[in-house]
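Chain by chain, the residues:
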Amino acid sequence: LPRNEFYRSALRQLITPEFVLEIGAGSGLLSIIAASLGARRVVAIEANMHLANVARQIIHANGYGDRIHIINKMSTDVSPEELAQYGGRPTLLLSEILGTLLLGESALHYVADARRRLLGPGG
């Protein structure tokens, strides 16, 4: 799909073999792309229980279950200590906000909060 290739091309320039965090993960597409581009650890946060379960299935079916971990919570309820169990603090934050109702879903608020509280230095 052109959309997926666009994301892959854009992320190819950013992904390092470090720790990536995705918020509002949905089906886990960006997390899968990050892992396929070399990210060793990815945590995908998805508040919707059904979407989190679908993401787990898709991630495992694509062979990334050992590198992508799903947290089924609101990103505002995740602590840096919770992320530490996956190997420290993320250095890159991903979130696909183009398809959301930006202000209605407060997507910008969640991105700003995650960046401030959950990313490591330089993230």
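The shown structure was predicted, so the numbers you read here are calculated from the model rather than taken from an experiment.

The next subject is the pattern of salt bridges. Two side chains carrying opposite charge are able to pair once their charged atoms lie near each other. Taken as a whole and assessed by the stated rule, the structure comprises 4 salt bridges. Residue E82 is joined to K73 by a salt bridge in which the shortest nitrogen-to-oxygen separation is 2.9 Å. Its relative accessible area of 32% is what places K73 among the partly exposed residues. Within this structure, D113, R116 and R117 form a network of salt bridges that share partners.

Quick look at the packing of helix α1 (residues 2-12) against helix α2 (residues 29-36) now. Where α1 contacts α2, the two axes come as close as 10 Å, and the packing angle between them is 50°. As far as their axial angle goes, α2 and α1 are oblique. When the axes of α1 and α2 are compared, the crossing they make is right-handed. Along the contact surface, α1 presents R3, N4, Y7, R8 and L11, while α2 presents L29, L30, I33 and S36. Residue classes in the contact of α1 with α2 are distributed as 5 nonpolar, 2 polar and 2 charged.

Take the side chain of E22 next. Considering the arrangement of structural elements, one finds E22 in strand β1 (residues 19-23). Polar side-chain contacts of E22 include one of 2.5 Å to the side chain of S31. Setting aside its immediate chain neighbours within four residues, E22 contacts G28, L30, S31, V43, A44, I45 and L94.

We now examine the pairing of strand β2 (residues 41-45). Burial of β2 is extensive: 4 of the 5 residues sit out of reach of the surface. In the sheet, β1 pairs with β2 via 5 bridges, with the strands oriented parallel. Across the sheet, residue F19 finds its bridge partner in β2, namely R41. Crossover handedness for the path β1 to α2 to β2: right-handed. With 4 bridges connecting them, β2 and strand β3 (residues 68-71) associate as parallel partners.

Conventions used here
- Residues numbered from 1 in each chain as written.
- Predicted model: local features only at pLDDT ≥ 70, side-chain atom pairs only at ≥ 80, totals over all residues.
- Heavy atoms only, no water.
- Salt bridge = Lys/Arg side-chain N within 4 Å of Asp/Glu carboxyl O.
- Buried < 20%, exposed > 50% of the residue type's maximum accessible area, 1.4 Å probe, protein only.
- Axes fitted to C-alpha atoms, helices over the stretch in contact; angles between N-to-C directions.
- Helix = DSSP H or I, 4+ residues; strand = E, 2+ residues; numbered from the N terminus.
- Parallel < 35°, antiparallel > 145°, perpendicular 65-115°, else oblique.
- Left-handed = near helix turned anticlockwise from the far one by under 90°.
- Contact = heavy atoms within 4.5 Å.
- Nonpolar A, V, L, I, M, F, W, Y, C, P; charged D, E, K, R; others polar.
- Polar contact = N/O pair within 3.5 Å; in protein donor to acceptor, adjacent residues only side chain to side chain.
- Pairing = 2+ DSSP bridges.
- Right-handed = clockwise from strand over helix to strand, strands pointing away.

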